[in-house]
Amino acid sequence: MNEKKIVEIKNMTKDYGAKGFRTKVLKGIDFTIFANDFIAIMGPSGSGKTTLLNILSTIDRPTQGFVLFHGKDIAKVSNQELSQIRRDKIGFVFQDYNLLDTMTLQDNIALPLSLNGVSGKTCVEKVGKLADTFGLTGHLNKYPYQLSGGQKQRGAVCRALITEPEILFADEPTGALDSKSGKDLLECFRTVNERGQAAILMVTHDAFCASYAKDVYILNDGMMRCRLSRGNDRREFYDRIMEVQASMGKDDRSSADPNSFVPGSTAPDNIALRKKGGDLS
């Protein structure tokens, strides 16, 4: 593959707890994010989704294995260099908008640039371009309490993108939104990704939300159980996601071996898809 690797993890595990009482949250994960990827991570509560996101985004570190950012092992870089990576290369979006109530939307979006000493003129220009993409041009002089939940979240995404990061990490970005606001946000994500502005990794419980991604990985019991790749039909992709989730639920209840599936391979018989385009390669 000729695409540029942004983040790569190899044979990664993550444990919590004291010696003798440790819980293994992630088990032998291998995963790579390339430039222009749009990936959704799905799985039940407690499957390790947020832990994986925190490790990929350099917030947390693995117990074993390697996390490489542009080929550099983050365990071996200085705290200063790690801070620069987070500031310049990574954008974060959370379920809670985390906008400052005492600042206008324009100032909230421009804040990362202002803290880096970027001129006011440049800040205004960059904010204007992102606001246009996200449908916020008419709301820039409003304060957060004057905005809808969808407008706040789109503003939070603009703030995450204002430094032109290589990758955007989003943790349940539509979790606090109504269906229309969530769809508007997902359309904006797709636009940003298709323009090549950033790779996106999104953690979600919602199959509709995940269907906007190019690839969906399903995490269960701390392991990657399967990967699905979207074709040209998002509705058909949504149906496949729903069917795999249902099949894996049956799998779990019958105590199937979670090691029976290798990411990137075809589905085993007990979760095989019967719909058109149902292979998980």
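Cut-offs and rules
The numbers attached to residues start from 1 for each chain and follow its sequence in the written order. Since the coordinates come from a predicted model, pLDDT governs what is reported: local features require at least 70, and pairs of side-chain atoms require 80 or more to be given and counted, while whole-chain, interface and lining totals use all residues. The basis for the side-chain values is all heavy atoms of the structure; hydrogens and waters are excluded. Runs of E in the DSSP output that reach at least two residues are strands. Runs of H or I that reach at least four are helices, and both are numbered from the N terminus. Exposure categories follow from relative accessible area, calculated using a 1.4 Å probe and restricted to protein chains: below 20% of the type maximum is buried, above 50% is exposed, and the middle band is partly exposed. Areas reported here follow the Shrake-Rupley algorithm with a probe of radius 1.4 Å; residue values treat only the protein chains shown as occluding. Strands pair, by our definition, only if DSSP identifies at least two bridges between them. Any pair of residues with heavy atoms lying within 4.5 Å of one another is described as a contacting pair. Axis lines are fitted through C-alpha atoms, for helices just across the contact stretch, and the angle between N-to-C directions can take any value from 0 to 180 degrees. Working definition of a nonpolar core: buried Ala, Val, Leu, Ile, Met, Phe, Trp, Tyr and Cys residues. They are joined through side-chain atoms within 4.5 Å. Salt bridges are identified by distance alone: a Lys or Arg side-chain nitrogen within 4 Å of an Asp or Glu carboxyl oxygen. The pairing test for Phe, Tyr and Trp rings, Trp by its six-membered ring, is centres within 6.5 Å, and the orientation test on the planes gives stacked under 30 degrees, edge-to-face over 60, and tilted for anything in between.

Focus: the overall build of the chain
Stage number 1. Counting its secondary structure elements, the chain contains eight helices and 10 strands.
Stage number 2. Of all 281 residues assigned to the chain, the portion counted as buried reaches 48%.
Stage number 3. Total accessible area on the chain stands at roughly 13,600 Å², and carbon and sulfur atoms take up 47% of it.

Details of the sheet that holds strand β1 (residues 5-16)
Stage number 1. Overall, antiparallel pairing links the four strands, which are arranged β2-β1-β4-β5 in an open sheet. Of all the strands in the sheet, just β2 (23-34) and β5 (72-73) have a single pairing partner and so form its edges.
Stage number 2. Pairing analysis gives two bridges linking strand β4 (residues 64-69) to β5, with the strands arranged antiparallel. Bridge assignment links L68 to a residue of β5, and that residue is D73.
Stage number 3. Against the sheet, helix α1 (residues 49-56) makes contact with β1, β2 and β4, and its axis sits at roughly 130° relative to β1, the strand it touches most.

Some details on the nonpolar core
Stage number 1. Counting 48 residues, the largest nonpolar core has F134, F189 and M202 as the members making the most contacts within it.
Stage number 2. The residues touching F189, leaving out its near neighbours within four places in the chain, are F38, V157, L168, A170, P173, I200 and M202.
Stage number 3. Formed by 30 residues, the second largest nonpolar core is a distinct cluster that contains M12, L53, I74 and A199.

Digging into the pattern of salt bridges
Stage number 1. Counted under the stated rule, the structure contains 11 salt bridges.
Stage number 2. Among the ionic pairs, K24 bridges to D15, the shortest N-O distance being 3.3 Å.
Stage number 3. K24 sits in the partly exposed class, given a relative accessible area of 42%.
Stage number 4. Through salt bridges with shared partners, one network takes in D15, R22 and K24.

Thoughts on the packing of aromatic side chains
Think of a pair of aromatic rings as described by two things: how far the centres are apart, and how the planes are tilted against each other in angle.
Stage number 1. On inspection of all chains with the given rule, the structure shows six aromatic pairs.
Stage number 2. Centre to centre, the rings of F31 and Y217 are 4.9 Å apart; their planes meet at 80°, and the pair counts as edge-to-face. Of this pair, F31 sits in strand β2 while Y217 sits in strand β9 (residues 215-220), placing them 186 residues apart in sequence. Both residues of the pair, F31 and Y217, count as buried.
Stage number 3. Relative to Y212, the ring of F208 has its centre 5.6 Å away and its plane inclined at 70°; by these criteria the two rings are edge-to-face.
Stage number 4. Take Y212: its relative accessible area is 1%, and that puts it in the buried class.

Purely geometric numbers; function is a separate question.
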